[in-house]
Amino acid sequence: MATALRNSQMTEAEWEARQQLAACYRVFDMLGWSEMIYNHITLKVPGEEGAFLINPFGLHFSEVKASNLVKIDIDGNKLDDSPYPVNRAGFVQHALFHRHLPDAHCIAHTHTTAGMAVASVEGGLRPTNFYACNFAGQIAYHDFEGVTVRDEEGERLLAHLGDKRVMLLRNHGILVMGRTVPEAFIKHWSLQRACEIQIATASMGAPITVPDEVVAVHQRDLHMAQVPGGPGAADFAAMVRLVDRTDKSWRE
């Protein structure tokens with residue numbers, strides 16, 4: 001089925017995008033970031049204006065494959081013959097950013113325990129650990145307005161995001177955007193680690209806040225500790241290799 005779908009209905013670029021996004025879902029699941037059948041990672045379809053891929057509503061992250069991802073437009077219309085519905089709570093938020101932000105090619109939203117916890121306290125993420133310092137001054141915040149199914153919330157989401165591409169949805173969870181799947185992955189991974197460590201630190205006593213001038217040096221020098229190939233590329237590839245050791249069905 002996957003071969004027929006690939007050969008008759010899509011470009012090679014779309015198939016590659018489908019495989020990369022499906023791999024990302026499996027990596028998120030392997031790392032414990034699944035939330036029943038909810039939450040979403042979306043990716044623009046290369047060469048197709050206004051089209052993006054999203055997970056089929058009703059399937060767990062561990063069940064996502066290249067062939068069962070659903071292609072929709074920014075108005076929510078399915079562009080393929082997928083039998084699966086699309087979760088409106090995912091479509092409304094993701095379509096908004098895909099429509100208005102040309103560089104937001106991949107968008108991930110999760111309800112991890114650590115992410116939701118830090119999003120639910122005054123002050124949000126604080127510069128008190130290595131990973132949190134990565135994000136100092138780079139996180140947007142949006143107040144909780146209930147489940148994101150109303151189009152009219154979009155104007156406020158965009159206004160609060162501004163020029164940032166990482167957001168903590170207060171009382172809700174993590175939202176990250178990347179120019180590539182690996183970039184969105186490494187942003188989420190780093191933010192998740194920052195949140196986990198902040199929670200652990202809070203249980204031990206008063207945390208040590210890193211001074212602004214040290215944060216600036218840290219952010220300036222981060223690129224020197226990264227593998228060449230683009231943000232998150234080597235990290236994501238390593239995680240995909242781990243997924244492949246136990247299950248390669250995402251490739252189908």
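This text follows the structure it describes.
Definitions and cut-offs
- Numbers given for residues are sequential positions, taken from 1 along each chain in its written order.
- In keeping with the predicted nature of the model, local features appear solely for residues at pLDDT of at least 70, side-chain atom pairs appear and are counted solely at 80 or more, and the whole-chain, interface and lining totals rest on all residues.
- Side-chain numbers here rest on the full set of heavy atoms in the structure, without hydrogens or water.
- Any two of the Phe, Tyr and Trp rings considered here, Trp counted by its six-membered ring, make a pair once their centres fall within 6.5 Å; the pair's planes then place it as stacked at under 30 degrees, edge-to-face at over 60, or tilted in between.
- Relative accessible area decides the class of each residue, using a 1.4 Å probe on protein chains only: under 20% of the type maximum gives buried, over 50% gives exposed, and in between gives partly exposed.
- Should a side-chain nitrogen of Lys or Arg be within 4 Å of a carboxyl oxygen of Asp or Glu, the pair is scored as a salt bridge.
- Each helix is a run of H or I in the DSSP string that is no shorter than four residues. Each strand is a run of E no shorter than two, and both are numbered from the N terminus.

**Q** I tried to follow the packing of aromatic side chains on my own but got confused; where do I start?
**A** Aromatic ring pairs are reported here in terms of the distance separating the ring centres and the angle at which the planes meet. Evaluated as defined, the whole model comprises seven aromatic pairs. With a centroid separation of 4.7 Å and 90 degrees between ring planes, the pair formed by F28 and W33 is classed as edge-to-face. For the pair F28 and W33, a shared accessibility class is recorded, and that class is buried. Ring plane angle 75 degrees and centroid distance 5.2 Å describe the contact between F130 and Y131, whose orientation is recorded as edge-to-face. Classification of F130 as exposed rests on a relative accessible area of 52%. In this structure an aromatic cluster arises from ring pairing among F28, W33, F185 and F236.

**Q** How should the pattern of salt bridges be read in this particular structure?
**A** Applying the stated criterion across every chain, the model contains 18 salt bridges. Linking D143 and R170 is a salt bridge whose minimum nitrogen-to-oxygen distance equals 2.9 Å. With D143 in the loop between β5 (140–142) and α6 (154–161) and R170 in the loop between β6 (166–169) and β7 (173–178), this residue pair connects regions lying 27 residues apart in the sequence. Note on R170: relative accessible area 32%, which makes it partly exposed. Its salt-bridge partner being R150, residue E153 comes within 3.8 Å of it at the nearest N-O pair. Connected through shared salt-bridge partners, E14, R18, E48, K71 and D80 make up one network.

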